[in-house]
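# Understanding the architecture of this molecule
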Amino acid sequence: MKMKVMKRFSSILLALVMMLAMVMTVSATQPEGEDTPTATTQGTSANTRGSITINNTIEGQTYAIYRIFDLESFNSTTDSYSYKVAEKWQAFFATTEAQAYAKANEDGYVSWVGENTDSRAAELAKLALQYAKNNGIAADGTEVAGGENVAFPELPLGYYLVDSTVGTLCVLTTTNPTQNIEDKNEGPSIEKEVKDEKKELKENETEEDRWGEQSTANIGDTVEFRATISVPKSGAEGYVMHDKMSSGLTFVNDSVKVELNGTEVDAAYYNYQVVAPGSEADDPCTFEVVFSQDFCDSLKADDKIVITYSAVLNKDAVIAGNGNTNDVQLKYGENHDIDGGSDQTKTYTYKFGLVKVDGDKELLTGAEFELYTTAEGGEAIKLVKEGDTYRLAIAEDAEDTTTTTIEAGNVTIKGLGNGTYWLEETKAPDGYNKLSERQSFTIADKSDEVSMNGDIYGQGGLAVMNQTGTELPSTGGIGTTIFYVVGGILVVGAVVLLVVKKRMSHQA
């Protein structure tokens, strides 16, 4: 009768095994000397011992087992199992939380309560494990993996909770008498992406197509990043994301947002903190996101955790070269010491040469320009002059150190992402005509610098040419001369006339 009562409970064991993709085998484990067949299909705790072997383990990680039910007897042919609560778990199964899953009758035999589902079985396993940690219930066996498997031989028959510091193995299984568990070690993985706001979208492309492994940006721009953690199965433990930005990127505080399968996660389930550079000797990073165990316990197979945040491309940004890197690393496990993988993005910015020349390509000075992102209108871009180089300004630059005027010469403009820009001449060199419209130049995944042969323009960058004005005649020059000549002739004529007139009067 009691065996039949327990038959219903046994069905949950098969569901648990299927849920966690474990491989179960049954073999002879009767005490030595007894005449038994090669396969044990029935037995009692008095004459049978069991074992649990965990295969494909991670070296250095600790595996633990807890016997929560004693198995008095079993008959696997008829799926009949007779369980009682193990002594040190009596208090746990007296709680309302535990009795929602399993309950003992007046004779002490255990039966399952409610729906017989994989998810409810996993819930009981996690609940029991947390109770053991909170109440100091010692494991019935612990082993540190030294290779590819861990074995727990000669076990009393029972229903066992199996856990590891890896956090991917938290299962319930029975010894009837022997169980082999495959720890598939399907740890989480992480992927890092950056949004390229300067990418020109093609037909049928969407904003999602801006995300990738690299981007370009202007110095001073805010750059968006996202990291996606893929959860292979339930049983997650100790998820921590570390992010390290190169010196050309400044992390934006309060920019972190977390979503689980497209729904924003309450900040109570995680926290992030900026880490002082070098404070973690083995793993220096810019900031880290630590997820609570309650959140990890809620994760299921194929869940996606998406973490978005941003940084400003600052004045220390690397120009071209290897770009400005952002590295992410995922760790997990009870001690946050299991490597879940890493990934990297790069953000590039470039420089451009500007030279002012005459019609013979000879260098001119005295011209002034302003830089725009539009062919007409718009506001001139603010810059900071650093010798013969103009750097795009950032928000932290003091107002009295910025300018919109570029004095050319032969100068360089740095901190430009991909795209087309326009230069407007606001002042021409003395004696030269000012350009009537803006001149464009394009950045396309590389810097473009000017090369000169002495004071003669060679190639590269943007050479802006001015022509001299035509010298016009002076409006009073020739006319005044004529007046002077004619006036002189009239004066001479008047004198001659006066002399002649006087002679004629004397003769008369």
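A brief look at the structure comes next.

What counts and what doesn't
Residues numbered from 1 in each chain as written. Predicted model: local features only at pLDDT ≥ 70, side-chain atom pairs only at ≥ 80, totals over all residues. Heavy atoms only, no water. Helix = DSSP H or I, 4+ residues; strand = E, 2+ residues; numbered from the N terminus. Buried < 20%, exposed > 50% of the residue type's maximum accessible area, 1.4 Å probe, protein only. Contact = heavy atoms within 4.5 Å. Areas by Shrake-Rupley, 256 points an atom, 1.4 Å probe, with all protein chains shown as cover. Phe/Tyr/Trp six-rings, centres within 6.5 Å; stacked < 30°, edge-to-face > 60°. Lys NZ or Arg CZ within 6 Å of the ring centre and 35° of its normal. Pairing = 2+ DSSP bridges. Axes fitted to C-alpha atoms, helices over the stretch in contact; angles between N-to-C directions. Salt bridge = Lys/Arg side-chain N within 4 Å of Asp/Glu carboxyl O. Core = buried A, V, L, I, M, F, W, Y, C linked by side-chain atoms within 4.5 Å. Polar contact = N/O pair within 3.5 Å; in protein donor to acceptor, adjacent residues only side chain to side chain.

### Quick look at the overall build of the protein chain
What the protein chain contains, in helices and strands, is five helices and 36 strands. Counting across all 508 residues of the protein chain, residues that qualify as buried make up 43%. Counting only contacts in the protein chain whose residues sit at least 6 apart along the sequence, the fraction spanning at least 24 positions is 70%. When the accessible area of the protein chain is evaluated, it comes to approximately 26,100 Å², of which 48% is carbon and sulfur surface.

### Some details on the side chain of Asn 466
With respect to the helices, strands and loops of the structure, Asn 466 is situated in the loop between strand S36 (462-465) and helix H5 (477-507). Asn 466 gets classed as buried once you look at its relative accessible area, which sits at 1%. In this structure Asn 466 touches Lys 356, Val 357, Asp 358, Gly 359, Leu 364, Glu 425, Ala 428, Pro 429, Tyr 432, Asn 433, Lys 434 and Leu 435, once residues within four positions along its chain are discounted.

### Remarks on the packing of aromatic side chains
This structure, assessed with the given rule, holds 22 aromatic pairs. Aromatic pair Phe 69 and Tyr 159: ring centres 5.5 Å apart, planes at 5 degrees, arrangement stacked. Residue Phe 69 is found in strand S3 (residues 62-75), and its partner Tyr 159 is found in strand S9 (residues 158-164); the two are separated by 90 residues along the sequence. Cation over ring: Arg 438 sits above Tyr 372, and NZ or CZ is 3.6 Å from the ring centre.

### Details of the sheet that holds strand S23 (residues 324-332)
On the basis of which strands lie adjacent, the open sheet formed by six strands has the order S14-S24-S23-S16-S21-S20 and mixed pairing. Every interior strand has two partners, whereas the edge strands, strand S14 (214-216) and strand S20 (270-274), have only one. Pairwise comparison of adjacent strand axes, ignoring direction, gives a mean angle of 15 degrees for this sheet. The pairing of S20 with strand S21 (residues 287-291) spans five bridges and is classified as antiparallel.

### What about the pairing of strand S12 (residues 189-195)?
Across the seven residues of S12, five count as buried, placing the element largely inside the fold. As paired elements, S12 and strand S15 (residues 222-230) share six bridges and run antiparallel to each other. What sits directly across from Ser 189, in S15, is Ser 230. Pairing geometry for S12 and strand S13 (residues 211-212), over two bridges, is antiparallel. Note that in S13 the partner of Val 194 across the bridge is Gly 212.

### Some points on the sheet that holds strand S30 (residues 406-408)
The antiparallel open sheet is built from four strands, whose spatial order is S30-S26-S32-S33. The sheet is open, and its two borders are formed by S30 and strand S33 (439-443), each paired with just one other strand. The average angle at which neighbouring strand axes cross in this sheet is 35 degrees, direction not considered. Two elements, strand S26 (residues 367-372) and S30, share three bridges in a ladder whose sense is antiparallel. Note on S30: the bridge partner recorded for Ala 367 is Ala 408.

### Examining the pairing of strand S35 (residues 456-459)
When strand S34 (residues 451-453) meets S35, the two strands line up antiparallel, connected through three bridges. Its bridge partner being in S35, Asn 453 is matched across the sheet by Ile 456.

### Here we look at the pattern of salt bridges
In total, this model carries 22 salt bridges according to the counting rule given. Asp 140 serves as the salt-bridge partner of Arg 67, at 3.9 Å between the closest nitrogen and oxygen. Of the two residues, Arg 67 sits in strand S3 while Asp 140 sits in the loop between helix H3 (118-135) and strand S7 (141-144), which places them 73 residues apart along the sequence. Between Glu 334 and Lys 133 there is a salt bridge, with its nearest N and O atoms 3.7 Å apart. Placement of the pair is Glu 334 in the loop between S23 and strand S24 (338-348) and Lys 133 in helix H3, with a sequence separation of 201 residues. Residues joined by salt bridges that share partners form a network here, namely Arg 67, Asp 70, Lys 88 and Asp 140.

### Brief notes about the nonpolar core
Formed by 72 residues in total, the largest nonpolar core has its most connected members in Tyr 239, Phe 291, Ile 305, Ile 307, Tyr 309, Leu 371 and Ile 406. The element that contributes the greatest number of residues to this core is strand S22 (residues 304-313), accounting for five residues. Here Ile 305 is in contact with Ala 227, Thr 228, Ile 229, Val 231, Tyr 239, Val 258, Glu 259, Leu 260, Phe 291, Phe 295 and Leu 299, once residues within four sequence places are set aside. If you look at the next biggest cluster of nonpolar residues, it comprises 28 residues, including Ala 64, Phe 74, Val 85 and Phe 92.

### Concerning the environment of Thr 62
Within the secondary structure layout, Thr 62 lies in strand S3. Here Thr 62 falls in the partly exposed class, since its relative accessible area comes to 29%. Distance in space between the C-alpha atoms of Thr 62 and Gly 146 is 9.6 Å, their sequence separation being 84 residues. Once residues lying within four places of it in the same chain are set aside, the contact partners of Thr 62 are Thr 142, Glu 143, Val 144, Asp 163, Ser 164 and Thr 165.

### Comments concerning unusual backbone geometry
Cis geometry is found at the peptide bond from Ala 408 to Gly 409, where omega equals -20 degrees. With respect to the secondary-structure elements, Gly 409 resides in the loop between S30 and strand S31 (410-416). The residue Asp 254 is not glycine, and still its phi comes out positive at about 65 degrees. One can find Asp 254 in the loop between strand S17 (249-251) and strand S18 (257-260). When its relative accessible area of 69% is taken as the criterion, Asp 254 is described as exposed.

### Quick look at the environment of Asp 303
Position of Asp 303 relative to the elements: it lies in the loop between helix H4 (293-298) and S22. Remark: the alpha-carbon pair of Asp 303 and Val 231, spanning 72 residues in sequence, is separated by 5.2 Å. Apart from residues lying up to four places away in sequence, Asp 303 is in contact with Ile 229, Ser 230, Val 231, Leu 260, Asn 261 and Ser 298. A distance of 2.9 Å separates the side chain of Asp 303 from the side chain of Asn 261, its partner in a polar contact.

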